[in-house]
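Summary of structural features
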Amino acid sequence: MSQQQRMQGQPMIIMGEDAQRMKDKDAQEHNIAAARAVAESVQSTLGPKGMDKMLVSSMGSVTVTNDGVTILQEMDIDNPTAEMIVEVAETQEDEAGDGTTTAVAIAGELLKQAQDLLDQDIHPTAMIKGFDIASKHAQAEIDDIAESVDPDDEETIRKVAETSMTGKGAELNKEHLSQLIYEAVQAVTVEAEDGSHVVDLEFLNIETQEGSSAANSELLEGAVIDKDPVHEDMPNDLEDASVMLLDQPVEIEEAEADASLSVDSPDQLQSFIEQEEEQLRAKVDQIVDSGADVVVCQKGIDDMAQHYLAKEGILALRRVKKTDMQFLAEVLGANIVSDLDGVEADDLGTGDFTRDDDELFYVEGEDSHGVTLLLRGSTEHVVDELERGISDALDVVAATVTDGRVLAGGGAIEVELARRVRDHADSVEGREQLAVEAFADALELVPRVLAENAGLDPIDTLVDLRAAHDDGDERAGLNVLTGDVEDTYETGVVEPAHAKEQALSSATEAANLVLKIDDIISAGDLSTEGDEEEGGPGGAPGGMGGGMGGMGGGMGGMM
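Conventions used here
- Residues numbered from 1 in each chain as written.
- Predicted model: local features only at pLDDT ≥ 70, side-chain atom pairs only at ≥ 80, totals over all residues.
- Heavy atoms only, no water.
- 1 Å grid on protein atoms, 1.4 Å probe; cavity = no way out; pocket = protein on both sides within 12 Å on 5 of 7 lines; lining within 4 Å.
- Points joined across faces, edges and corners; volume = space filled by probe spheres on them.
- Helix = DSSP H or I, 4+ residues; strand = E, 2+ residues; numbered from the N terminus.
- Nonpolar A, V, L, I, M, F, W, Y, C, P; charged D, E, K, R; others polar.
- Domains from an automatic or database assignment.
- Phe/Tyr/Trp six-rings, centres within 6.5 Å; stacked < 30°, edge-to-face > 60°.
- Buried < 20%, exposed > 50% of the residue type's maximum accessible area, 1.4 Å probe, protein only.
- Pairing = 2+ DSSP bridges.
- Axes fitted to C-alpha atoms, helices over the stretch in contact; angles between N-to-C directions.
- Contact = heavy atoms within 4.5 Å.
- Parallel < 35°, antiparallel > 145°, perpendicular 65-115°, else oblique.
- Left-handed = near helix turned anticlockwise from the far one by under 90°.
- pLDDT = per-residue confidence, 0-100.
- Polar contact = N/O pair within 3.5 Å; in protein donor to acceptor, adjacent residues only side chain to side chain.

Of the voids in this model, the largest pocket is the one considered here, and its volume is about 790 Å³. Lining the largest pocket are 40 residues; nearest its centre among them are Pro48, Thr163, Ser164, Thr166 and Glu495. Among the elements of the structure, helix H5 (100–119), helix H7 (154–165), helix H15 (445–453), strand S18 (476–479), strand S20 (494–496) and helix H18 (497–515) are those that each provide at least two residues to the lining of the largest pocket. Of all the elements, H7 adds the most residues to the lining of the largest pocket, at five residues. Classifying every residue of the lining of the largest pocket gives 14 nonpolar, 18 polar and eight charged. Both domains that meet at the lining of the largest pocket, namely domain 1 (20–148 + 407–520) and domain 2 (154–222 + 373–403), each give it at least three residues.

And the structure:
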């Protein structure tokens, strides 16, 4: 019998016995199920009426948030396809600052539409090409629909900030906070030589304080440091002080971990202690000789050194965060010193230090343009969510000032884009046309979810929105507070064009990446069978576990 004949009756084994493999439609359906599970877990947070998620880490720390990217990062997802969708949210956060939930929801909906096309035996390659055509056309139409906004247009820019904050912890005081955000961004915006505007958020710092209302938040010139002087005899208020920023501990240099000291007499011990004191005294003398009135240290300061510094009348703060040190360097015009031996007069900065009743130090430089947004809230969780909302709003306003284009929100842009993409589909030949139409349907997820989260009927809302847009009202969107279809731009629901372009681009590329996979080969177990409670919140594990668990039967025949 020939070798060829012997091989015909037996499958060729090319993988290890623990390896698992999923091919063709099984692989595509598995990937789509996992990606959709991720998207559905954040959909309920979309819009002003969106709900919050409570996330409890394995260490027991609790996060209550409405922010899409925060939810996905805290969910502890270990499915490779789901992680690709999480990357969409992270890219959106990095590039645009907001719109993470929208980007992920659209990616999930594109894959849902793709599943329907797969069931009609449309090849993934045709879908990928169609989605790409539709995405590029939609982004070009965004540029056509967008309205230009001037960096000094306070009313519109505040509306952008308020729209970003709505539905998050900052919502109740959005008028006051949007004013602070507008002023903060104005303070750190510079006009480039070519007339464009550059927003440098490195010169803007956010500090938080518990125990007060968000209405008491304020914008301050310079920096705020939430630290006490290391010694009670140190001064609290200083004007035109020379400031040293030190990235080196003012402590005895540690001996090796296994070093031991052998002492024969009390005199020897006393001598050793005196040597340590001299070492500390020498370091303090170096600080005094530099001319510093204030030393801000990122590391520790020994008790003895604290005493010496207080005797010299020098204010010292210790264990200051690295980010605060870098911000102080900008505000004071100082360099961060990492070696006291090489300190020079140019390394020191100049500024005023003032301490208030809340025991915060306010630091102002001579000619700095650094500002601090001091956010106040009643509890730790309130302050944390407020900070997330304000950070997103700052990024969005900064992007709007730089980009200079805005759109009507409330689903208005999505319905208008869907209409234009559908019109464009007529000019696309072949099976790609179905994918272009599917892309248009996917865009309409946004107004549907906005309506659903507000307790309104999504189908009735979508019908009303389509009718308004067919009549030529490009700005017709859903006012979720009243349930009416109206000109959302006039209502004050304004979104940045850049964030919307980025969301479409990221969502399309992620969906296409998932669709292109037709074979999953895993060195270990691919399924996530077991307790359904082990997965993420929002029912995600059921969807993902179901998709993956069904693979075991197919494996047996192959191995």
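This model, assessed by the stated rule, comprises two aromatic pairs. Relative to Phe361, the ring of Phe353 has its centre 6.3 Å away and its plane inclined at 65°; by these criteria the two rings are edge-to-face. Like Phe361, Phe353 is buried.

Okay, unusual backbone geometry next. Of note, Asp121 is a non-glycine position whose phi angle comes to about 65°, a positive value. Tracing the backbone through its elements, the reader meets Asp121 in the loop between H5 and helix H6 (124–145). Phi is positive for Arg319, close to 50°, though the residue is something other than glycine. The topology assignment puts Arg319 in the loop between strand S12 (315–317) and helix H11 (322–332).

It is worth spelling out the pairing of strand S19 (residues 484–487) at this point. Strand direction decides the pairing type here: S18 and S19, joined by four bridges, are antiparallel. Across the sheet, residue Leu478 finds its bridge partner in S19, namely Val485. What sits between S18 and S19 in their antiparallel hairpin is a turn of four residues, with Gly483 showing a positive phi close to 80°.

The next subject is the sheet that holds strand S8 (residues 218–221). The pairing of strands in a sheet comes from backbone hydrogen bonds and takes either a parallel or an antiparallel form. Taken together, the three strands give an open sheet; going across it, the order is S7-S16-S8, and neighbouring strands pair in mixed fashion. This sheet does not close on itself; its edge strands, each paired only once, are strand S7 (204–210) and S8. For this sheet, the mean inter-axis angle between neighbouring strands, taken without regard to orientation, is 25°. Strand contacts of H11: S7 and strand S16 (371–377), with the helix running at about 130° to S7, the strand carrying the most contacts.

Turning our attention to H11. Here H11 has its buried residues at Asp324, Met325, Phe327, Leu328, Ala329, Val331 and Leu332. Positive backbone phi, approximately 70°, marks Gly333, located one or two places after H11.

Turning next to the environment of Leu450. Checked against the element boundaries, Leu450 lands in helix H15. Judged by its relative accessible area of 10%, Leu450 falls in the buried class. As for Leu450 and Asn479, which are separated by 29 residues in sequence, their C-alpha atoms are 9.4 Å apart.

Turning our eyes to something else, we now look at the packing of H6 against helix H14 (residues 432–443). In contact at an axis separation of 7 Å, H6 and H14 are set at 50° when each is read in the N-to-C sense. By the angle between their axes, H6 is oblique relative to H14. Of the two possible hands of crossing, H6 and H14 adopt the one that is right-handed. Packed against H6, whose contacting residues are Ala126, Met127, Lys129, Gly130, Phe131, Ile133, Ala134, Ser135 and Ala138, the element H14 presents Glu432, Ala435, Val436, Ala438 and Phe439 at the interface. Grouping the amino acids of the contact of H6 with H14 by side-chain chemistry returns ten nonpolar, two polar and two charged.

Quick look at the confidence of the model for the protein chain now. Scored by pLDDT, the protein chain comes out at a mean of 81, with 86% of its residues at no less than 70. Across residues 528–559, confidence stays below pLDDT 50; counting only partners more than four residues off in sequence or on other chains, it has 38 contacts.

It is worth spelling out the sheet that holds strand S17 (residues 405–408) at this point. As summarised here, the arrangement of the three strands in space is S4-S17-S20, forming an open sheet in which the pairing is antiparallel. A strand with exactly one partner marks an edge of an open sheet, and here the two such strands are strand S4 (147–148) and S20. When S17 meets S20, the two strands line up antiparallel, connected through three bridges. Within S20, the position partnered with Val406 by the bridge is Pro496.

Tracing the sequence through the fold places Thr100 in helix H5. The exposure class of Thr100 is buried, given its relative accessible area of 3%. Here the side chain of Thr100 touches Val69 through a polar contact of 3.5 Å, landing on its backbone nitrogen. Discounting chain neighbours no more than four positions away, the residues touching Thr100 are Asp67, Gly68, Val69, Ala89, Gln92 and Glu93.

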